[in-house]
Amino acid sequence: MKILVTGGLGFIGSHTVVALLEKGYDVCIIDNLSNSSIDVLEGIAKITQKIPQFFNFDLRNQEKVEAFFKEHHDLAGVIHFAASKAVGESVENPLLYYENNNNALVYMLKNISQLNQKNFIFSSSCTVYGEADTLPITEGAAIKKAESPYGNTKQIGEDIIRDTCNAVSDLKAISLRYFNPIGAHSSTEIGELPIGTPQNLVPYITQTAIGQRDELSIFGDDYPTEDGTCIRDYIHVVDLAEAHVVALERLLQSEKKASYEVFNLGTGKGSSVKEVVSAFEKVSGQELNHTIAPRRPGDVVAAYADTEKAQDVLGWQTKLTLEDALESAWKWQLKLKEADA
Ligand code: UDP
(Lines give C-alpha, C1' and ligand atoms only; values in the text may rest on other atoms or scores of the structure.)
Protein backbone atom coordinates (compact mmCIF):
# COMPACT_ATOMS: atom_id res chain seq x y z
CA MET A 1 0.00 0.00 0.00
CA LYS A 2 1.31 3.40 -0.95
CA ILE A 3 1.03 6.35 1.43
CA LEU A 4 1.70 9.99 0.55
CA VAL A 5 3.49 11.98 3.25
CA THR A 6 3.64 15.72 2.61
CA GLY A 7 6.40 17.45 4.54
CA GLY A 8 7.95 14.01 4.84
CA LEU A 9 11.46 15.37 5.23
CA GLY A 10 10.52 17.54 8.21
CA PHE A 11 10.95 16.70 11.88
CA ILE A 12 7.79 14.71 12.58
CA GLY A 13 7.29 13.77 8.92
CA SER A 14 10.64 12.02 8.59
CA HIS A 15 10.10 9.95 11.74
CA THR A 16 6.65 8.99 10.46
CA VAL A 17 8.09 7.98 7.08
CA VAL A 18 10.51 5.67 8.94
CA ALA A 19 7.65 4.16 10.97
CA LEU A 20 5.60 3.56 7.79
CA LEU A 21 8.50 1.99 5.89
CA GLU A 22 9.30 -0.24 8.84
CA LYS A 23 5.71 -1.45 8.78
CA GLY A 24 6.00 -2.38 5.12
CA TYR A 25 4.16 0.55 3.50
CA ASP A 26 5.43 2.16 0.31
CA VAL A 27 5.93 5.85 0.89
CA CYS A 28 6.11 8.82 -1.40
CA ILE A 29 7.07 12.20 -0.07
CA ILE A 30 6.23 15.69 -1.27
CA ASP A 31 8.41 18.35 0.35
CA ASN A 32 9.57 21.76 -0.91
CA LEU A 33 12.66 21.70 1.36
CA SER A 34 11.66 25.09 2.81
CA ASN A 35 12.32 23.89 6.35
CA SER A 36 14.09 20.59 5.72
CA SER A 37 17.07 19.14 3.92
CA ILE A 38 17.44 16.59 1.14
CA ASP A 39 20.00 14.84 3.37
CA VAL A 40 17.08 13.62 5.49
CA LEU A 41 16.20 11.25 2.65
CA GLU A 42 19.58 9.62 3.12
CA GLY A 43 19.00 9.35 6.88
CA ILE A 44 15.67 7.62 6.24
CA ALA A 45 17.36 5.23 3.79
CA LYS A 46 20.12 4.41 6.27
CA ILE A 47 17.62 3.48 8.97
CA THR A 48 15.19 1.53 6.83
CA GLN A 49 17.31 0.35 3.87
CA LYS A 50 14.53 1.73 1.68
CA ILE A 51 14.37 4.86 -0.41
CA PRO A 52 10.97 6.53 -0.55
CA GLN A 53 9.91 8.26 -3.75
CA PHE A 54 10.54 11.98 -3.46
CA PHE A 55 8.82 14.91 -5.19
CA ASN A 56 10.14 18.41 -4.65
CA PHE A 57 7.36 20.94 -5.16
CA ASP A 58 5.28 23.48 -3.33
CA LEU A 59 1.72 22.54 -2.44
CA ARG A 60 0.62 26.13 -3.00
CA ASN A 61 0.99 25.33 -6.69
CA GLN A 62 -2.51 24.07 -7.42
CA GLU A 63 -1.69 22.77 -10.91
CA LYS A 64 1.14 20.66 -9.57
CA VAL A 65 -1.02 19.23 -6.80
CA GLU A 66 -3.68 18.34 -9.35
CA ALA A 67 -1.17 16.74 -11.72
CA PHE A 68 0.37 14.75 -8.86
CA PHE A 69 -2.94 13.26 -7.75
CA LYS A 70 -3.86 12.50 -11.37
CA GLU A 71 -0.80 10.30 -11.60
CA HIS A 72 -1.18 8.65 -8.18
CA HIS A 73 -4.65 7.14 -8.05
CA ASP A 74 -3.19 4.19 -6.21
CA LEU A 75 -2.53 6.06 -2.95
CA ALA A 76 -4.16 4.37 0.05
CA GLY A 77 -3.76 7.37 2.33
CA VAL A 78 -2.34 10.84 2.80
CA ILE A 79 -0.56 12.16 5.89
CA HIS A 80 -0.33 15.91 5.57
CA PHE A 81 2.49 17.52 7.56
CA ALA A 82 3.64 20.18 5.12
CA ALA A 83 3.06 23.51 6.87
CA SER A 84 4.84 26.48 8.39
CA LYS A 85 5.16 26.30 12.16
CA ALA A 86 6.94 29.31 13.65
CA VAL A 87 4.59 31.31 15.85
CA GLY A 88 6.63 34.55 15.69
CA GLU A 89 7.03 34.41 11.92
CA SER A 90 3.28 33.88 11.57
CA VAL A 91 2.65 37.17 13.39
CA GLU A 92 5.01 39.00 11.00
CA ASN A 93 3.80 37.26 7.86
CA PRO A 94 0.27 35.99 8.42
CA LEU A 95 -0.59 35.63 4.73
CA LEU A 96 2.32 33.26 4.20
CA TYR A 97 0.83 31.11 6.96
CA TYR A 98 -2.74 31.19 5.64
CA GLU A 99 -1.48 30.43 2.16
CA ASN A 100 0.91 27.68 3.16
CA ASN A 101 -1.19 26.02 5.81
CA ASN A 102 -4.73 26.60 4.56
CA ASN A 103 -4.65 27.18 0.79
CA ALA A 104 -2.42 24.14 0.33
CA LEU A 105 -4.76 22.09 2.52
CA VAL A 106 -7.72 23.10 0.33
CA TYR A 107 -5.82 22.01 -2.81
CA MET A 108 -4.98 18.68 -1.18
CA LEU A 109 -8.59 18.01 -0.21
CA LYS A 110 -9.92 19.13 -3.59
CA ASN A 111 -7.69 16.63 -5.32
CA ILE A 112 -8.04 13.76 -2.88
CA SER A 113 -11.40 13.18 -4.60
CA GLN A 114 -9.39 11.72 -7.50
CA LEU A 115 -8.24 8.83 -5.29
CA ASN A 116 -10.03 5.55 -4.91
CA GLN A 117 -9.32 5.56 -1.17
CA LYS A 118 -9.75 8.90 0.55
CA ASN A 119 -7.95 8.59 3.88
CA PHE A 120 -6.47 11.76 5.32
CA ILE A 121 -4.44 12.47 8.45
CA PHE A 122 -3.85 16.08 9.51
CA SER A 123 -1.15 17.54 11.76
CA SER A 124 -2.93 19.68 14.28
CA SER A 125 -1.78 21.07 17.56
CA CYS A 126 -2.75 21.45 21.19
CA THR A 127 -2.49 25.21 20.59
CA VAL A 128 -6.15 24.97 19.51
CA TYR A 129 -7.05 24.67 23.22
CA GLY A 130 -5.20 27.84 24.30
CA GLU A 131 -5.27 28.17 28.09
CA ALA A 132 -7.58 25.25 28.82
CA ASP A 133 -10.15 25.56 31.62
CA THR A 134 -9.36 22.12 33.04
CA LEU A 135 -6.38 19.78 33.02
CA PRO A 136 -5.62 17.28 31.65
CA ILE A 137 -7.04 18.49 28.34
CA THR A 138 -9.63 16.27 26.68
CA GLU A 139 -10.61 16.42 23.02
CA GLY A 140 -13.91 17.90 24.16
CA ALA A 141 -12.26 20.97 25.68
CA ALA A 142 -13.29 24.31 24.22
CA ILE A 143 -11.36 25.65 21.25
CA LYS A 144 -10.06 29.05 22.36
CA LYS A 145 -9.39 32.07 20.19
CA ALA A 146 -5.96 31.48 18.66
CA GLU A 147 -3.05 33.50 20.04
CA SER A 148 -1.28 33.68 16.68
CA PRO A 149 -1.95 33.32 12.96
CA TYR A 150 -0.10 29.98 13.16
CA GLY A 151 -2.53 28.69 15.82
CA ASN A 152 -5.42 30.02 13.77
CA THR A 153 -4.29 28.11 10.68
CA LYS A 154 -4.57 24.88 12.69
CA GLN A 155 -8.08 25.73 13.90
CA ILE A 156 -9.16 26.73 10.39
CA GLY A 157 -7.47 23.61 9.00
CA GLU A 158 -9.52 21.40 11.30
CA ASP A 159 -12.71 23.25 10.30
CA ILE A 160 -11.90 22.85 6.61
CA ILE A 161 -11.42 19.11 7.03
CA ARG A 162 -14.51 18.57 9.17
CA ASP A 163 -16.72 20.51 6.74
CA THR A 164 -15.25 18.61 3.78
CA CYS A 165 -15.87 15.28 5.50
CA ASN A 166 -19.50 16.30 5.95
CA ALA A 167 -19.80 17.04 2.26
CA VAL A 168 -17.69 14.33 0.62
CA SER A 169 -19.37 11.01 1.19
CA ASP A 170 -16.29 8.80 1.24
CA LEU A 171 -13.65 11.01 2.84
CA LYS A 172 -12.28 9.70 6.13
CA ALA A 173 -10.04 11.99 8.14
CA ILE A 174 -8.34 12.26 11.49
CA SER A 175 -6.82 15.38 13.02
CA LEU A 176 -4.03 14.68 15.47
CA ARG A 177 -3.46 17.36 18.08
CA TYR A 178 0.17 17.14 19.10
CA PHE A 179 1.40 18.35 22.43
CA ASN A 180 5.17 19.14 22.48
CA PRO A 181 7.15 16.84 20.16
CA ILE A 182 10.84 16.50 21.06
CA GLY A 183 13.70 14.03 20.65
CA ALA A 184 15.24 12.23 17.70
CA HIS A 185 15.52 8.76 16.20
CA SER A 186 17.72 6.44 18.29
CA SER A 187 19.95 5.83 15.25
CA THR A 188 20.84 9.57 15.22
CA GLU A 189 20.26 9.50 11.47
CA ILE A 190 17.30 11.90 11.68
CA GLY A 191 16.20 14.55 14.17
CA GLU A 192 15.12 18.15 14.46
CA LEU A 193 16.91 20.70 12.24
CA PRO A 194 15.89 24.17 13.38
CA ILE A 195 16.73 26.99 10.99
CA GLY A 196 18.40 29.91 12.78
CA THR A 197 17.76 30.45 16.45
CA PRO A 198 15.47 27.74 17.80
CA GLN A 199 12.14 28.94 19.16
CA ASN A 200 11.42 25.69 20.98
CA LEU A 201 12.74 24.71 24.36
CA VAL A 202 14.58 21.45 23.69
CA PRO A 203 16.61 22.46 20.61
CA TYR A 204 17.51 25.64 22.48
CA ILE A 205 18.70 23.55 25.41
CA THR A 206 20.82 21.19 23.29
CA GLN A 207 22.34 24.06 21.29
CA THR A 208 23.23 25.82 24.56
CA ALA A 209 24.78 22.68 25.99
CA ILE A 210 26.91 22.20 22.88
CA GLY A 211 28.13 25.80 23.07
CA GLN A 212 26.22 27.25 20.12
CA ARG A 213 24.18 29.53 22.43
CA ASP A 214 25.36 31.27 25.58
CA GLU A 215 22.48 30.44 27.85
CA LEU A 216 18.89 29.33 27.92
CA SER A 217 16.38 31.99 28.91
CA ILE A 218 13.60 30.48 30.98
CA PHE A 219 10.58 32.56 30.02
CA GLY A 220 9.03 33.40 33.37
CA ASP A 221 9.31 31.80 36.81
CA ASP A 222 6.32 33.52 38.38
CA TYR A 223 3.57 31.40 36.87
CA PRO A 224 1.06 29.76 39.23
CA THR A 225 2.81 26.36 39.06
CA GLU A 226 4.84 24.51 41.68
CA ASP A 227 8.22 25.92 40.59
CA GLY A 228 6.82 28.97 38.80
CA THR A 229 7.68 27.82 35.26
CA CYS A 230 5.26 26.75 32.53
CA ILE A 231 4.11 23.18 32.19
CA ARG A 232 3.94 21.24 28.91
CA ASP A 233 3.48 17.66 27.78
CA TYR A 234 6.70 16.66 25.98
CA ILE A 235 6.22 13.67 23.68
CA HIS A 236 9.01 11.67 22.03
CA VAL A 237 8.82 12.12 18.27
CA VAL A 238 9.23 8.35 17.77
CA ASP A 239 6.09 7.71 19.84
CA LEU A 240 4.31 10.45 17.92
CA ALA A 241 5.34 8.91 14.59
CA GLU A 242 3.91 5.53 15.69
CA ALA A 243 0.59 7.20 16.44
CA HIS A 244 0.32 8.32 12.81
CA VAL A 245 0.65 4.75 11.59
CA VAL A 246 -1.98 3.59 14.09
CA ALA A 247 -4.35 6.41 13.05
CA LEU A 248 -3.81 5.62 9.39
CA GLU A 249 -4.58 1.95 10.02
CA ARG A 250 -7.77 2.94 11.79
CA LEU A 251 -8.87 4.69 8.59
CA LEU A 252 -7.71 1.86 6.34
CA GLN A 253 -9.61 -0.72 8.40
CA SER A 254 -12.73 1.34 8.98
CA GLU A 255 -15.89 -0.03 7.45
CA LYS A 256 -17.50 3.39 7.56
CA LYS A 257 -17.91 5.33 4.35
CA ALA A 258 -17.02 8.68 5.87
CA SER A 259 -15.81 9.91 9.21
CA TYR A 260 -13.95 12.66 11.00
CA GLU A 261 -12.20 12.22 14.33
CA VAL A 262 -9.81 14.15 16.52
CA PHE A 263 -7.21 12.77 18.92
CA ASN A 264 -4.81 14.29 21.41
CA LEU A 265 -1.29 12.94 21.18
CA GLY A 266 0.66 13.44 24.37
CA THR A 267 2.08 11.50 27.28
CA GLY A 268 -0.49 12.74 29.76
CA LYS A 269 2.29 13.98 32.01
CA GLY A 270 3.08 17.64 32.48
CA SER A 271 6.68 18.80 33.04
CA SER A 272 7.79 22.29 33.97
CA VAL A 273 10.59 24.10 32.13
CA LYS A 274 12.79 23.72 35.21
CA GLU A 275 12.05 19.99 35.32
CA VAL A 276 13.06 19.65 31.68
CA VAL A 277 16.31 21.49 32.38
CA SER A 278 17.10 19.21 35.35
CA ALA A 279 16.24 16.07 33.41
CA PHE A 280 18.46 17.24 30.56
CA GLU A 281 21.36 17.89 32.94
CA LYS A 282 20.92 14.40 34.34
CA VAL A 283 20.88 12.51 31.05
CA SER A 284 23.59 14.58 29.36
CA GLY A 285 25.89 15.02 32.35
CA GLN A 286 26.15 18.68 31.29
CA GLU A 287 25.42 21.66 33.46
CA LEU A 288 23.20 24.00 31.49
CA ASN A 289 23.74 27.76 31.55
CA HIS A 290 20.38 29.30 32.17
CA THR A 291 18.80 32.47 33.38
CA ILE A 292 15.32 33.63 34.26
CA ALA A 293 13.86 35.98 31.67
CA PRO A 294 10.49 37.74 31.36
CA ARG A 295 7.43 35.78 30.30
CA ARG A 296 7.06 35.15 26.56
CA PRO A 297 3.87 36.70 25.18
CA GLY A 298 1.25 34.15 24.20
CA ASP A 299 2.53 31.33 26.45
CA VAL A 300 -0.14 29.41 28.34
CA VAL A 301 0.56 28.39 31.94
CA ALA A 302 -0.01 24.69 31.57
CA ALA A 303 -1.04 22.17 28.92
CA TYR A 304 -1.00 18.40 29.10
CA ALA A 305 -3.09 15.79 27.38
CA ASP A 306 -5.86 13.58 28.57
CA THR A 307 -4.73 10.45 26.73
CA GLU A 308 -7.78 8.29 27.34
CA LYS A 309 -9.37 8.65 23.91
CA ALA A 310 -6.16 7.80 22.04
CA GLN A 311 -5.65 4.86 24.37
CA ASP A 312 -9.22 3.51 24.17
CA VAL A 313 -10.02 4.18 20.52
CA LEU A 314 -6.63 3.96 18.81
CA GLY A 315 -5.09 1.55 21.29
CA TRP A 316 -2.03 3.79 21.32
CA GLN A 317 -0.01 5.22 24.15
CA THR A 318 3.51 6.55 24.54
CA LYS A 319 6.27 4.10 25.46
CA LEU A 320 9.21 6.47 25.82
CA THR A 321 9.96 8.85 28.70
CA LEU A 322 11.01 12.48 28.91
CA GLU A 323 14.52 11.26 29.75
CA ASP A 324 14.57 9.01 26.67
CA ALA A 325 13.54 11.94 24.52
CA LEU A 326 16.09 14.34 26.01
CA GLU A 327 18.86 11.78 25.71
CA SER A 328 18.04 11.19 22.04
CA ALA A 329 17.91 14.95 21.40
CA TRP A 330 21.33 15.32 23.02
CA LYS A 331 22.84 12.45 20.99
CA TRP A 332 21.44 14.04 17.85
CA GLN A 333 23.01 17.39 18.76
CA LEU A 334 26.37 15.67 19.33
CA LYS A 335 26.06 13.96 15.96
CA LEU A 336 25.31 17.29 14.24
CA LYS A 337 28.42 18.77 15.81
CA GLU A 338 30.51 15.83 14.66
CA ALA A 339 29.15 16.19 11.12
CA ASP A 340 29.97 19.92 11.24
CA ALA A 341 33.58 19.42 12.36
N1 UDP B 1 10.74 28.12 26.72
C2 UDP B 1 11.74 28.77 27.47
N3 UDP B 1 12.85 29.18 26.81
C4 UDP B 1 13.04 29.00 25.47
C5 UDP B 1 12.03 28.32 24.73
C6 UDP B 1 10.89 27.91 25.39
O7 UDP B 1 11.60 28.96 28.67
O8 UDP B 1 14.08 29.42 24.94
C9 UDP B 1 9.54 27.65 27.41
C10 UDP B 1 8.25 28.28 26.88
O11 UDP B 1 8.00 29.50 27.55
C12 UDP B 1 7.23 27.20 27.21
C13 UDP B 1 8.03 25.90 27.09
O14 UDP B 1 9.40 26.27 27.19
O15 UDP B 1 6.82 27.32 28.55
C16 UDP B 1 7.80 25.18 25.77
O17 UDP B 1 7.99 26.10 24.73
P18 UDP B 1 8.10 25.65 23.23
O19 UDP B 1 8.33 26.90 22.41
O20 UDP B 1 9.10 24.56 23.08
O21 UDP B 1 6.69 25.01 22.90
P22 UDP B 1 5.19 25.63 22.99
O23 UDP B 1 4.57 24.96 24.17
O24 UDP B 1 5.29 27.10 23.11
O25 UDP B 1 4.58 25.18 21.71
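The sections below set out a description of the structure shown in this document. Quick caveat: nothing in here was measured; it's all calculated off a predicted structure. (Residues numbered from 1 in each chain as written. Predicted model: local features only at pLDDT ≥ 70, side-chain atom pairs only at ≥ 80, totals over all residues. Heavy atoms only, no water.)

### Brief notes about the packing of aromatic side chains
Per the counting criterion, the structure on display carries 5 aromatic pairs. Relative to F69, the ring of F68 has its centre 5.8 Å away and its plane inclined at 85 degrees; by these criteria the two rings are edge-to-face. Judged by relative accessible area, F68 falls into the buried class, the value being 5%. A relative accessible area of 0% means that F69 is categorised as buried. Relative to W330, the ring of F280 has its centre 5.5 Å away and its plane inclined at 85 degrees; by these criteria the two rings are edge-to-face. Taken together, the residues F280 in helix α9 (residues 273–284) and W330 in helix α11 (residues 322–340) connect sequence positions 50 residues apart. Classification of W330 by relative accessible area gives buried; the value is 8%. Among the aromatic residues, those joined into a cluster by ring pairs are F55, F57, F68 and F69. Over the aromatic face of Y223 sits the side chain of R295, whose NZ or CZ is 3.9 Å from the ring centroid. Directly above the ring of F263 sits K309, whose terminal nitrogen or CZ lies 4.8 Å from the centroid. (Phe/Tyr/Trp six-rings, centres within 6.5 Å; stacked < 30°, edge-to-face > 60°. Buried < 20%, exposed > 50% of the residue type's maximum accessible area, 1.4 Å probe, protein only. Helix = DSSP H or I, 4+ residues; strand = E, 2+ residues; numbered from the N terminus. Lys NZ or Arg CZ within 6 Å of the ring centre and 35° of its normal.)

### Considerations on the sheet that holds strand β6 (residues 171–178)
Backbone-to-backbone hydrogen bonds pair the strands of a sheet. The strands run either parallel or antiparallel. The strand order across the open sheet formed by 7 strands is β3-β2-β1-β4-β5-β6-β11, and the pairing between neighbours is parallel. If you trace the sheet from one side to the other, it starts and ends with β3 (53–55) and β11 (259–265), each paired once. Direction aside, neighbouring strands of the sheet carry axes that sit 20 degrees apart on average. Relative to strand β5 (residues 118–125), strand β4 (residues 75–80) is paired through 3 bridges, and the arrangement is parallel. Pairing of H80 across the sheet is with F122, part of β5. The strands that helix α3 (residues 62–71) touches are β1 (2–6), β2 (26–30), β3 and β4; relative to β4, the one it contacts most, it runs at about 150 degrees. (Pairing = 2+ DSSP bridges. Axes fitted to C-alpha atoms, helices over the stretch in contact; angles between N-to-C directions. Contact = heavy atoms within 4.5 Å.)

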